[in-house]
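# Fold and geometry: a report
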Amino acid sequence: MKIAVIGLGDIATKAYLPLLTRMPSLELVFCTRNPEKLAAVANEYRIAETCRDYRELITMNIDGVMIHTSSESHATIASFFMEQGIPVFVDKPATLNAAEYQKLHDLSEQTSVPMFVGFNRRYIPLWKELVGRENLRSLTWHKHRLNLTGAPQDFVFDDMIHVIDSLNIYGQIDQQDIQIVCQKSGDDIAMINLSWEENGTLFNGQMNRLFGKTCESVSMAFENEAYQFSGFLRGEKLENGTTQTVELADWTDTLESKGFKAMLEDWVNVVASGRMDEKVKQRNLSTHVFCDSLVEHIR
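Under an unreviewed UniProt entry, the protein has the name Gfo/Idh/MocA family oxidoreductase and belongs to Enterovibrio qingdaonensis.

Following this line, the structure appears as structure tokens:
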């Protein structure tokens, strides 16, 4: 399978290429406008086929394309390849507003070409199966930063979208039912807290970008059973008055613990099959629509 990687910035080189280049079933093509960066990264990973204009890729017999460029360019590039019948992987956010995402979603439906959005936190191995269990009573997801306030769109689409999508497990988040608290620092957003009830489960999400440190925590509760995680490697199970450590094996790779390995395996399966689960497509759309409505609410 031949996969093109467009954009060789930090997210591509730190999170994706170390895994993609170790997948024996893949043949890679690199594409970026920067000739020095292209040559250096291609040489590092011994990639023979490269180009500087993404439109040239359609002549290289690729099976899929991964878009790691700026968020503003995602829609244009994704549309180009879907119109050519080539499945696309797009980093989150796929777009910076709901209308643009709806166009991509509709194009994917009309052409029957998969559009895969890179939400790695859906694949965190430490707690993935727990989130999908029945009778979940509550799910709390907090992701904080140190001294990094920002404008509403940047705050929500660049960062808090992780929290929002991770809580959007049913793919139908609705702003009408959500309590929203927003704290500002001058003209910037410092903290957003969301809470709502859905299908009998209580959800709470928060991002505080004036927190004491950069950190992320997840907790979930079932009947007389609860889990608390302060990272991707280990946590605690609370049951029958006892506390039990839950952890990944010591040798687990960082990118695997953060869900990137499982996500890429899922993406390769989507390319091979040419189709995506309907619930996943609805969740992608719902997350982007809610983020857009949240930005407007804050403004």
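Having seen the structure, we can now continue with the description.
## Thoughts on the sheet that holds strand β3 (residues 50-51)
Spatially, 6 strands are ordered β3-β2-β1-β4-β5-β6 in an open sheet, and the strand pairing comes out parallel. In the strand order of this sheet, the two ends are held by β3 and β6 (115-118), each with one partner. In the sheet, strand β1 (residues 2-6) pairs with strand β4 (residues 64-67) via 4 bridges, with the strands oriented parallel. Residue Ala4 lies in a different strand from β4, and its bridge partner there is Val65. Here helix α8 (residues 260-273) sits on the sheet and contacts β1, β4, β5 (88-91) and β6; the angle it forms with β6, its principal contact strand, is near 175°.

## A closer look at the side chain of Ser79
Following the sequence through the fold, Ser79 ends up in helix α3 (residues 74-83). Setting aside residues up to four positions removed in sequence, Ser79 forms contacts with Leu104 and Leu107.

## As for the UniProt feature "domain: Gfo/Idh/MocA-like oxidoreductase N-terminal" (unreviewed entry) in the protein
The UniProt record annotates "domain: Gfo/Idh/MocA-like oxidoreductase N-terminal" (unreviewed entry) at residues 1-119. Structurally, residues 1-119 is divided into 39% helix and 20% strand, and its ends, taken at the C-alpha atoms, are 22 Å apart.

## Thoughts on the pairing of β4
Residue alternation in β4 divides its side chains into two sets, Gly64 and Met66 and Val65 and Ile67, and both sets are buried. Two elements, β4 and β5, share 3 bridges in a ladder whose sense is parallel. Bridge pairing links Met66 to Phe89 in β5. Note on the crossover from β4 through α3 to β5: the handedness is right-handed.

Cut-off values and rules
- Residues numbered from 1 in each chain as written.
- Predicted model: local features only at pLDDT ≥ 70, side-chain atom pairs only at ≥ 80, totals over all residues.
- Heavy atoms only, no water.
- Pairing = 2+ DSSP bridges.
- Helix = DSSP H or I, 4+ residues; strand = E, 2+ residues; numbered from the N terminus.
- Contact = heavy atoms within 4.5 Å.
- Axes fitted to C-alpha atoms, helices over the stretch in contact; angles between N-to-C directions.
- UniProt positions renumbered as here; feature names shortened; annotations may be inferred.
- Buried < 20%, exposed > 50% of the residue type's maximum accessible area, 1.4 Å probe, protein only.
- Right-handed = clockwise from strand over helix to strand, strands pointing away.

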